[in-house]
Amino acid sequence: MGRSGAARAEGLYGVHPGVAMVQKWVAELKGKTGRSVEDWVTLIKKDGPKDEKSRREWLKSKHKLGTNSAWWLAERADGKGGEDSDPDSYLKAAEGYVEEQYSGAKALLRPIYDELLSLSRSLGEDVKACPCKTIVPFYRQHVFAQIKPTTNTRVDLGLCLTEYKGKLPKRVINTGGAAKKDRITHRMEIKSVAEIDEDVRRWLKIAYKLDK
(Lines give C-alpha, C1' and ligand atoms only; values in the text may rest on other atoms or scores of the structure.)
Protein backbone atom coordinates (compact mmCIF):
# COMPACT_ATOMS: atom_id res chain seq x y z
CA MET A 1 0.00 0.00 0.00
CA GLY A 2 1.27 3.48 -0.84
CA ARG A 3 1.82 6.09 1.83
CA SER A 4 -1.26 8.04 0.71
CA GLY A 5 -3.43 4.95 1.11
CA ALA A 6 -2.02 4.21 4.56
CA ALA A 7 -2.54 7.80 5.68
CA ARG A 8 -6.10 7.75 4.42
CA ALA A 9 -6.86 4.56 6.36
CA GLU A 10 -5.05 5.45 9.59
CA GLY A 11 -7.45 5.63 12.51
CA LEU A 12 -10.52 5.16 10.33
CA TYR A 13 -11.29 1.56 11.15
CA GLY A 14 -12.31 -0.38 14.23
CA VAL A 15 -11.75 -4.04 15.04
CA HIS A 16 -14.45 -6.25 13.57
CA PRO A 17 -16.67 -7.90 16.24
CA GLY A 18 -15.88 -11.24 14.64
CA VAL A 19 -12.31 -11.02 15.93
CA ALA A 20 -13.49 -11.44 19.53
CA MET A 21 -15.57 -14.44 18.48
CA VAL A 22 -12.55 -16.13 16.89
CA GLN A 23 -10.38 -15.30 19.91
CA LYS A 24 -12.95 -17.10 22.08
CA TRP A 25 -12.88 -20.07 19.71
CA VAL A 26 -9.06 -20.24 19.89
CA ALA A 27 -9.12 -20.09 23.69
CA GLU A 28 -11.75 -22.84 24.01
CA LEU A 29 -10.65 -25.16 21.19
CA LYS A 30 -8.33 -27.43 23.17
CA GLY A 31 -10.85 -27.88 25.96
CA LYS A 32 -13.55 -28.85 23.47
CA THR A 33 -11.53 -31.00 21.05
CA GLY A 34 -8.39 -32.05 22.92
CA ARG A 35 -6.18 -30.16 20.47
CA SER A 36 -5.04 -26.56 20.25
CA VAL A 37 -4.97 -24.62 16.98
CA GLU A 38 -1.28 -25.48 16.61
CA ASP A 39 -2.00 -29.17 17.26
CA TRP A 40 -4.73 -29.21 14.61
CA VAL A 41 -2.54 -27.44 12.06
CA THR A 42 0.20 -30.02 12.61
CA LEU A 43 -2.30 -32.86 12.17
CA ILE A 44 -3.81 -31.34 9.03
CA LYS A 45 -0.44 -30.89 7.39
CA LYS A 46 0.63 -34.44 8.34
CA ASP A 47 -2.52 -36.47 7.62
CA GLY A 48 -5.01 -34.20 5.86
CA PRO A 49 -5.69 -33.53 2.18
CA LYS A 50 -3.54 -30.99 0.35
CA ASP A 51 -6.07 -28.35 -0.70
CA GLU A 52 -8.06 -26.10 1.61
CA LYS A 53 -11.54 -27.15 0.46
CA SER A 54 -10.78 -30.86 0.91
CA ARG A 55 -9.28 -30.13 4.31
CA ARG A 56 -12.52 -28.48 5.44
CA GLU A 57 -14.56 -31.50 4.37
CA TRP A 58 -12.04 -33.88 5.98
CA LEU A 59 -12.21 -32.03 9.28
CA LYS A 60 -16.00 -32.15 9.27
CA SER A 61 -16.41 -35.75 8.14
CA LYS A 62 -13.50 -37.51 9.84
CA HIS A 63 -13.10 -35.35 12.94
CA LYS A 64 -16.71 -34.15 13.33
CA LEU A 65 -15.78 -30.47 13.62
CA GLY A 66 -18.33 -27.75 12.98
CA THR A 67 -18.29 -25.66 9.81
CA ASN A 68 -16.63 -22.63 11.40
CA SER A 69 -13.91 -24.68 13.12
CA ALA A 70 -13.19 -26.61 9.93
CA TRP A 71 -13.02 -23.41 7.89
CA TRP A 72 -10.74 -21.55 10.31
CA LEU A 73 -8.40 -24.49 10.83
CA ALA A 74 -8.10 -25.23 7.11
CA GLU A 75 -7.20 -21.59 6.53
CA ARG A 76 -4.54 -21.63 9.22
CA ALA A 77 -3.03 -24.83 7.85
CA ASP A 78 -2.70 -22.95 4.56
CA GLY A 79 -0.94 -20.03 6.27
CA LYS A 80 -3.97 -17.74 6.24
CA GLY A 81 -6.56 -16.45 8.68
CA GLY A 82 -4.31 -15.11 11.44
CA GLU A 83 -5.91 -11.67 11.17
CA ASP A 84 -9.23 -13.21 12.27
CA SER A 85 -8.09 -13.53 15.88
CA ASP A 86 -5.55 -10.73 16.32
CA PRO A 87 -6.78 -7.12 16.50
CA ASP A 88 -3.53 -5.58 15.24
CA SER A 89 -3.31 -8.02 12.35
CA TYR A 90 -6.95 -7.39 11.50
CA LEU A 91 -6.50 -3.62 11.38
CA LYS A 92 -3.49 -4.01 9.12
CA ALA A 93 -5.41 -6.39 6.86
CA ALA A 94 -8.47 -4.10 6.85
CA GLU A 95 -6.57 -1.41 5.02
CA GLY A 96 -5.59 -3.94 2.37
CA TYR A 97 -9.19 -5.11 2.00
CA VAL A 98 -10.28 -1.58 1.08
CA GLU A 99 -7.36 -1.02 -1.27
CA GLU A 100 -8.19 -4.26 -3.06
CA GLN A 101 -11.90 -3.42 -3.33
CA TYR A 102 -11.08 -0.15 -5.08
CA SER A 103 -8.24 -1.33 -7.31
CA GLY A 104 -8.12 -1.85 -11.05
CA ALA A 105 -11.31 -0.97 -12.90
CA LYS A 106 -13.00 0.05 -9.62
CA ALA A 107 -10.33 2.60 -8.66
CA LEU A 108 -12.50 5.47 -9.93
CA LEU A 109 -15.10 4.57 -7.30
CA ARG A 110 -12.71 5.35 -4.43
CA PRO A 111 -13.85 9.00 -3.98
CA ILE A 112 -17.41 7.74 -3.51
CA TYR A 113 -16.22 5.31 -0.85
CA ASP A 114 -14.16 7.96 0.94
CA GLU A 115 -17.11 10.36 1.04
CA LEU A 116 -19.53 7.71 2.34
CA LEU A 117 -16.98 6.59 4.93
CA SER A 118 -16.57 10.14 6.19
CA LEU A 119 -20.32 10.69 6.23
CA SER A 120 -21.00 7.48 8.14
CA ARG A 121 -18.34 8.17 10.77
CA SER A 122 -19.70 11.70 11.27
CA LEU A 123 -23.01 10.29 12.54
CA GLY A 124 -21.61 9.63 16.01
CA GLU A 125 -18.57 8.59 17.99
CA ASP A 126 -20.12 5.15 18.43
CA VAL A 127 -19.87 4.37 14.70
CA LYS A 128 -17.26 1.79 13.80
CA ALA A 129 -16.21 0.88 10.25
CA CYS A 130 -14.94 -2.71 10.03
CA PRO A 131 -13.78 -3.68 6.53
CA CYS A 132 -14.27 -7.19 5.20
CA LYS A 133 -12.86 -8.53 1.95
CA THR A 134 -15.75 -7.39 -0.27
CA ILE A 135 -17.69 -4.83 1.80
CA VAL A 136 -17.21 -2.27 4.56
CA PRO A 137 -19.95 -2.59 7.20
CA PHE A 138 -20.73 0.06 9.81
CA TYR A 139 -21.60 -0.87 13.37
CA ARG A 140 -23.33 0.94 16.19
CA GLN A 141 -24.90 -1.81 18.28
CA HIS A 142 -25.22 -3.92 15.14
CA VAL A 143 -24.57 -3.44 11.43
CA PHE A 144 -26.71 -0.52 10.28
CA ALA A 145 -25.13 0.16 6.89
CA GLN A 146 -22.47 -1.05 4.47
CA ILE A 147 -20.56 0.15 1.42
CA LYS A 148 -20.05 -2.23 -1.50
CA PRO A 149 -18.45 -1.56 -4.90
CA THR A 150 -21.03 -3.67 -6.71
CA THR A 151 -19.94 -2.94 -10.30
CA ASN A 152 -17.13 -1.03 -11.99
CA THR A 153 -19.39 2.03 -12.16
CA ARG A 154 -21.56 1.80 -9.04
CA VAL A 155 -21.29 1.67 -5.26
CA ASP A 156 -24.24 0.37 -3.26
CA LEU A 157 -24.94 1.89 0.13
CA GLY A 158 -26.69 -0.85 2.05
CA LEU A 159 -29.05 0.09 4.89
CA CYS A 160 -30.75 -1.75 7.72
CA LEU A 161 -34.31 -0.42 7.71
CA THR A 162 -36.05 -3.39 9.31
CA GLU A 163 -37.69 -1.22 11.96
CA TYR A 164 -38.68 1.64 9.63
CA LYS A 165 -42.47 1.94 9.41
CA GLY A 166 -42.97 4.70 6.83
CA LYS A 167 -43.20 4.68 3.05
CA LEU A 168 -39.92 4.32 1.19
CA PRO A 169 -38.99 6.24 -1.97
CA LYS A 170 -38.09 4.39 -5.19
CA ARG A 171 -34.44 5.30 -4.71
CA VAL A 172 -34.32 3.13 -1.56
CA ILE A 173 -34.37 -0.33 -3.15
CA ASN A 174 -35.56 -3.42 -1.27
CA THR A 175 -32.83 -6.09 -1.29
CA GLY A 176 -35.08 -8.86 0.00
CA GLY A 177 -32.85 -8.97 3.06
CA ALA A 178 -35.68 -8.88 5.59
CA ALA A 179 -37.13 -12.15 4.28
CA LYS A 180 -33.69 -13.77 4.53
CA LYS A 181 -33.12 -12.28 7.99
CA ASP A 182 -30.15 -10.28 6.71
CA ARG A 183 -29.24 -7.05 8.49
CA ILE A 184 -29.09 -5.13 5.20
CA THR A 185 -32.63 -4.79 3.89
CA HIS A 186 -32.30 -1.91 1.39
CA ARG A 187 -29.72 -0.21 -0.80
CA MET A 188 -29.11 3.05 -2.60
CA GLU A 189 -27.18 3.05 -5.87
CA ILE A 190 -24.47 5.72 -6.11
CA LYS A 191 -22.45 6.36 -9.28
CA SER A 192 -20.73 9.64 -8.40
CA VAL A 193 -19.84 11.78 -5.41
CA ALA A 194 -22.45 14.28 -6.61
CA GLU A 195 -25.16 11.67 -5.94
CA ILE A 196 -24.31 11.66 -2.23
CA ASP A 197 -27.00 14.23 -1.55
CA GLU A 198 -29.44 15.07 1.23
CA ASP A 199 -31.48 11.94 0.49
CA VAL A 200 -28.46 9.71 1.04
CA ARG A 201 -27.55 11.57 4.21
CA ARG A 202 -31.13 11.33 5.49
CA TRP A 203 -31.50 7.57 4.98
CA LEU A 204 -28.07 6.81 6.36
CA LYS A 205 -28.95 8.80 9.47
CA ILE A 206 -32.28 6.99 9.79
CA ALA A 207 -30.51 3.62 9.65
CA TYR A 208 -28.05 4.82 12.29
CA LYS A 209 -30.82 6.02 14.64
CA LEU A 210 -32.80 2.79 14.23
CA ASP A 211 -29.86 0.77 15.58
CA LYS A 212 -30.42 1.63 19.25
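As a reminder, the structure under discussion sits directly above these lines.
Residues numbered from 1 in each chain as written. Predicted model: local features only at pLDDT ≥ 70, side-chain atom pairs only at ≥ 80, totals over all residues. Heavy atoms only, no water.

What about the overall build of the chain?
For the chain, the count of helices and strands is eight helices and six strands. Tracing the chain from N to C terminus, the helices and strands come up as α-α-α-α-α-α-α-β-β-β-β-β-β-α. Seen through its C-alpha atoms, the chain measures out along the principal axes to roughly 60 × 40 × 30 Å. Taking all 212 residues of the chain together, 42% fall into the buried category. Within the chain, contacts between residues separated by at least 24 positions form 59% of all contacts whose residues are at least 6 apart in sequence. Accessible area of the chain: about 11800 Å², with a carbon and sulfur share of 50%. Of the side chains in the chain, 40 bear a positive and 30 a negative charge, and the two mean positions are spaced by 5 Å. (Helix = DSSP H or I, 4+ residues; strand = E, 2+ residues; numbered from the N terminus. Buried < 20%, exposed > 50% of the residue type's maximum accessible area, 1.4 Å probe, protein only. Contact = heavy atoms within 4.5 Å. Areas by Shrake-Rupley, 256 points an atom, 1.4 Å probe, with all protein chains shown as cover. Lys, Arg positive; Asp, Glu negative; His and termini not counted. Charge placed at Lys NZ, Arg CZ, Asp CG, Glu CD.)

A closer look at the nonpolar core
Ranked by size, the top nonpolar core spans 41 residues in total, and within it L116, F138, F144 and L159 carry the most contacts. For this core, the secondary-structure elements that each account for two or more residues are helix 6 (87–101), helix 7 (110–121), strand 2 (136–139), strand 3 (143–148), strand 4 (155–159), strand 6 (186–190) and helix 8 (198–210). The element that contributes the greatest number of residues to this core is helix 8, accounting for six residues. Beyond its immediate sequence surroundings of up to four residues, F138 is in contact with L117, S120, V127, K128, A129, V143, F144, A145, Q146 and I147. Judged by nonpolar contacts, the second largest core, of 15 residues, contains L43, L65, A70 and L73. (Core = buried A, V, L, I, M, F, W, Y, C linked by side-chain atoms within 4.5 Å.)

A few points about the pairing of strand 3
The buried count for strand 3 comes to five of six residues, which makes it a mostly enclosed element. Pairing between strand 2 and strand 3: four bridges, direction antiparallel. Its bridge partner being in strand 3, Y139 is matched across the sheet by V143. The hairpin turn running from strand 3 into strand 4, its antiparallel successor, is six residues long. (Pairing = 2+ DSSP bridges.)

Comments concerning the environment of Q141
Topologically, Q141 is positioned in the loop between strand 2 and strand 3. Spatially, the C-alpha atoms of Q141 and K24 are 20 Å apart, while their sequence positions differ by 117 residues.

As for the packing of helix 3 (residues 37–47) against helix 5 (residues 67–77)
For the pair helix 3 and helix 5, the least separation of the axes is 9 Å and the interaxial angle reads 70 degrees. In terms of their interaxial angle, helix 3 and helix 5 are classed as roughly perpendicular. Helix-helix and strand crossings are classified by hand; for helix 3 and helix 5 the assignment is right-handed. Contacts between helix 3 and helix 5 involve V37, W40, V41, I44 and K45 from the first element and L73, A74, R76 and A77 from the second. Here the residues of the contact of helix 3 with helix 5 sort into seven nonpolar, no polar and two charged. (Axes fitted to C-alpha atoms, helices over the stretch in contact; angles between N-to-C directions. Parallel < 35°, antiparallel > 145°, perpendicular 65-115°, else oblique. Left-handed = near helix turned anticlockwise from the far one by under 90°. Nonpolar A, V, L, I, M, F, W, Y, C, P; charged D, E, K, R; others polar.)

Describing the layout of surface pockets
There is about 480 Å³ of room inside the largest pocket. Secondary structure elements with two or more residues in the lining of the largest pocket: helix 2 (17–33), helix 5 and helix 6. A per-element tally of the lining of the largest pocket places helix 2 first, with four residues. Tallied by class, residues from the lining of the largest pocket come to ten nonpolar, four polar and five charged. (1 Å grid on protein atoms, 1.4 Å probe; cavity = no way out; pocket = protein on both sides within 12 Å on 5 of 7 lines; lining within 4 Å. Points joined across faces, edges and corners; volume = space filled by probe spheres on them.)

A look at the side chain of S69
With respect to the helices and strands, S69 occurs in helix 5. A polar atom in the side chain of S69 sits 2.8 Å from the side chain of W25. (Polar contact = N/O pair within 3.5 Å; in protein donor to acceptor, adjacent residues only side chain to side chain.)

Things to note about helix 6
Within an α-helix, residues lying three or four positions from one another point in the same direction, as the helix has 3.6 residues per turn. Compared with an ideal rise of 1.5 Å per residue, which puts 15 residues at 21 Å, helix 6 spans 21 Å between its outermost C-alpha atoms and is within 8% of the ideal. Residues Y90, A93, A94, Y97, V98 and Q101 constitute the buried set of helix 6. Each buried residue of helix 6 lies within a common arc of 145 degrees when the element is viewed along its axis, so the set occupies one face. Seen from the buried face of helix 6, the exposed residues on the opposite side, beyond 90 degrees, are D88 and K92. Residues of helix 6 that are buried in the fold lie against helix 2, helix 7 and strand 2. (Expected span 1.5 Å × (residues − 1). Arc of directions from axis to C-beta.)

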